[in-house]
Amino acid sequence: MAGSGEAFEKLVAVMRTLRSPEGCPWDREQTLGSLTHFVLEEAHEVVDAIERADTAALKEEIGDHIFEGVFLAQVAAESGQFTVDDSLRTVVEKLVRRHPHVFQEDGRVHDAESKERAPSAEAALDRWNSLKAQERAASGTPHTTLGSVPKSLPSLLRAYKIGKRVASVGFDWAATSDVVAKIEEEVAELRETLDAAPHDTTRAEEEMGDLLFSIANLSRKLGIEPEAALRKANDKFTKRFNQLEARFAETTRNLEGATLEEMEAEWQRIKKAE
């Protein structure tokens, strides 16, 4: 069986071939910008396989995800920016540098009794963040609390991360109940907007955004990752709706011919049976 290094080199060689004049026209046309959609898509498919506990799918999706990184690095290499080797060296150096509780300066691992060992996961994370901040300061890069939160994140996840970052410097609600009160306030403001100007979608959009941002922060205060929670809610709703549709199909009726009351009654029966 080939080692991971050999397998990786083969993947890099395949990618070079695909981008060569003798390769694939579609692959040759891609740019860093055109690949961003596929990078995000593959990341979501990895998460989906994990949440479904589908090991076979996860094996394939991890491969696809790694391939996207190799693809990006190949495009960058062709324009003389950096190679995939540069990317790998950079991440290895960073991991060793930011884990002084695991690695010595020469890369060797500390023994189990070393005083450098981090006593807990929380202590390890604190050390990582501290070293990250020191690196930023040393590079002369201006530091802002929210500067490194990617704008490309799904909006709900970005709101969650924004809340975590500002909370780390003390800008946060004192208690979970305060966030609930804020959500109730935002719901009231949205209701007022709809009552006063039912056709003003600009104002409604703003109030809706404020409400969703507050909900993301309630999720954070509860220790719940909102994207994961919403994915589960989507899956639950989809499963129930598919059952609803199937039950009406069994009686040779489609949903379009049913009343809302009939569909709601069947929906409640499905929920009760779960």
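Above this text sits the structure in question.
Nothing here was measured: the structure is a model prediction, and the numbers come from that model.

About the cut-offs
Within every chain, residues take consecutive numbers counted from 1 along the sequence as written. In keeping with the predicted nature of the model, local features appear solely for residues at pLDDT of at least 70, side-chain atom pairs appear and are counted solely at 80 or more, and the whole-chain, interface and lining totals rest on all residues. For side-chain calculations, the full set of non-hydrogen atoms in the structure is used, while hydrogens and water are omitted. By salt bridge we mean one thing: a side-chain nitrogen of Lys or Arg within 4 Å of a carboxyl oxygen of Asp or Glu. Helix numbering and strand numbering both begin at the N terminus, where a helix is a DSSP run of H or I of at least 4 residues and a strand a DSSP run of E of at least 2. Any residue under 20% of the maximum accessible area for its type is buried, any over 50% is exposed, and the rest in between are partly exposed; the area is computed with a 1.4 Å probe on protein chains only. Joining through side-chain atoms within 4.5 Å is the link that ties buried Ala, Val, Leu, Ile, Met, Phe, Trp, Tyr and Cys residues into a set, and such a set is a nonpolar core. Contact between two residues is taken to exist if any of their heavy atoms lie within 4.5 Å; hydrogens are not considered. Every angle, taken between N-to-C directions, lies between 0 and 180 degrees, and every axis is a line fitted to C-alpha atoms, over only the stretch in contact when it is a helix. To sort the angles, those under 35 degrees are grouped as roughly parallel, those over 145 as roughly antiparallel, those from 65 to 115 as roughly perpendicular, and the leftovers as oblique. Should the near helix be turned counterclockwise from the far one by less than a right angle, the crossing is left-handed, whereas a clockwise turn marks it as right-handed. A helix is expected to span 1.5 Å multiplied by its residue count minus one. Any two rings among Phe, Tyr and Trp, with Trp reduced to its six-membered ring, count as a pair given centres within 6.5 Å; such a pair is stacked if its planes are under 30 degrees apart, edge-to-face if over 60, and tilted if neither. Only lysine NZ and arginine CZ atoms are considered, and such an atom sits over a ring when it is within 6 Å of the ring centre and within 35 degrees of the ring normal. Each residue gets one of three labels, nonpolar for Ala, Val, Leu, Ile, Met, Phe, Trp, Tyr, Cys and Pro, charged for Asp, Glu, Lys and Arg, and polar for the others, Gly among them.

*Asks:* Pulling in residues and values, what's your account of the pattern of salt bridges?
*Replies:* With the rule as written, the count across this model stands at 15 salt bridges. Note that Asp172 and Lys221 form a salt bridge whose closest N and O atoms lie 3.3 Å from each other. On the criterion of sequence distance, the pair formed by Asp172 in the loop between helix H7 (155–168) and helix H8 (176–196) and Lys221 in helix H9 (residues 201–221) is long-range, its members being 49 residues apart. A salt bridge links Glu185 to Lys182; its shortest N-O distance comes to 3.2 Å. Residue Glu185 and its partner Lys182 are both found in helix H8; the two are separated by three residues, about one turn of the helix. Classification of Glu185 as partly exposed rests on a relative accessible area of 38%. Given a relative accessible area of 24%, Lys182 falls into the partly exposed group. Several salt bridges converge on common partners, so that one network encompasses Asp48, Arg52 and Asp54.

*Asks:* An account of the nonpolar core is needed here, citing residue identities and associated values.
*Replies:* One finds Phe8, Val12, Met15, Leu35, Val70, Phe71, Ala73, Val75 and Val84 forming the largest nonpolar core, which totals nine residues. Residue assignment for this core shows that the elements contributing at least two residues are helix H1 (4–19) and helix H4 (55–78). In terms of residue count, the dominant contributor to this core is H4 (four residues). Setting aside chain neighbours within four positions, we find Val12 in contact with Val70 and Val84. Ranked by size, the runner-up nonpolar core spans seven residues in total, among them Leu244, Met263, Trp267 and Ile270.

*Asks:* For the packing of helix H10 (residues 226–250) against helix H11 (residues 260–273), give the residues involved together with the corresponding values.
*Replies:* Taken N-terminus to C-terminus, the directions of H10 and H11 make an angle of 120 degrees; their axes are 10 Å apart at the nearest point. Here H10 lies oblique to H11, going by the angle between them. In this structure, H10 crosses over H11, and the sense of that crossing is right-handed. Residues Phe237, Arg240, Phe241, Gln243, Leu244, Arg247 and Phe248 of H10 touch H11, and the partners they reach there are Glu262, Met263, Glu266, Trp267, Arg269, Ile270 and Lys271.

*Asks:* Give a detailed account of H7, specifying residues and quantitative values.
*Replies:* Here H7 is 14 residues long and its end C-alpha atoms lie 20 Å apart, about the 20 Å a rise of 1.5 Å per residue gives. Where H7 is concerned, the buried positions are Leu157, Ala159, Tyr160, Ile162, Gly163 and Val166. In the core, the buried residues of H7 are packed alongside H9 and H10.

*Asks:* Lay out the packing of aromatic side chains with the relevant residues and their values.
*Replies:* Following the criterion strictly, the structure yields four aromatic pairs and no others. An angle of 15 degrees between the planes, with centres 6.1 Å apart, marks the rings of Phe237 and Phe241 as stacked. Of this pair, Phe237 and Phe241 are both found in helix H10, four residues apart, which corresponds to roughly one turn of the helix. Classification of Phe237 by relative accessible area gives partly exposed; the value is 47%. Ring geometry for Phe237 versus Trp267: centroids 5.1 Å apart, planes at 45 degrees, classification tilted. Taken as a pair, Phe237 in helix H10 and Trp267 in helix H11 lie far apart in primary sequence, 30 residues in all. Owing to a relative accessible area of 13%, Trp267 belongs among the buried residues under this scheme. What links up through ring pairs into an aromatic cluster is the set Phe237, Phe241 and Trp267. One residue, Arg98, lies across the ring of Trp128, its end atom 4.8 Å from the ring centre.

*Asks:* Describe unusual backbone geometry, listing the residues and the values that go with them.
*Replies:* In the Ramachandran plot, Ala53 falls in the positive-phi region, its phi being about 55 degrees despite a non-glycine side chain. With relative accessibility at 64%, the residue Ala53 sits in the exposed group.

*Asks:* Would you mind going over the packing of helix H3 (residues 32–51) against H4 in detail, with residue names and values included?
*Replies:* When two helices pack together, their arrangement is given by the angle between the helix axes and by the axis-to-axis distance. Direction vectors running N to C along H3 and H4 enclose 160 degrees, while the axes themselves pass 9 Å from each other. With respect to H4, the element H3 is oriented roughly antiparallel. For the element pair H3 and H4, the recorded crossing hand is left-handed. For the pair formed by H3 and H4, the contact residues are Leu32, Leu35, Phe38, Val39, Glu42, Ala43, Glu45, Val46, Ala49 and Ile50 on the first element and Ala57, Leu58, Glu61, Ile62, Asp64, His65, Glu68, Phe71, Leu72, Val75 and Ala76 on the second. In terms of residue class, the contact of H3 with H4 is made up of 15 nonpolar, one polar and five charged.

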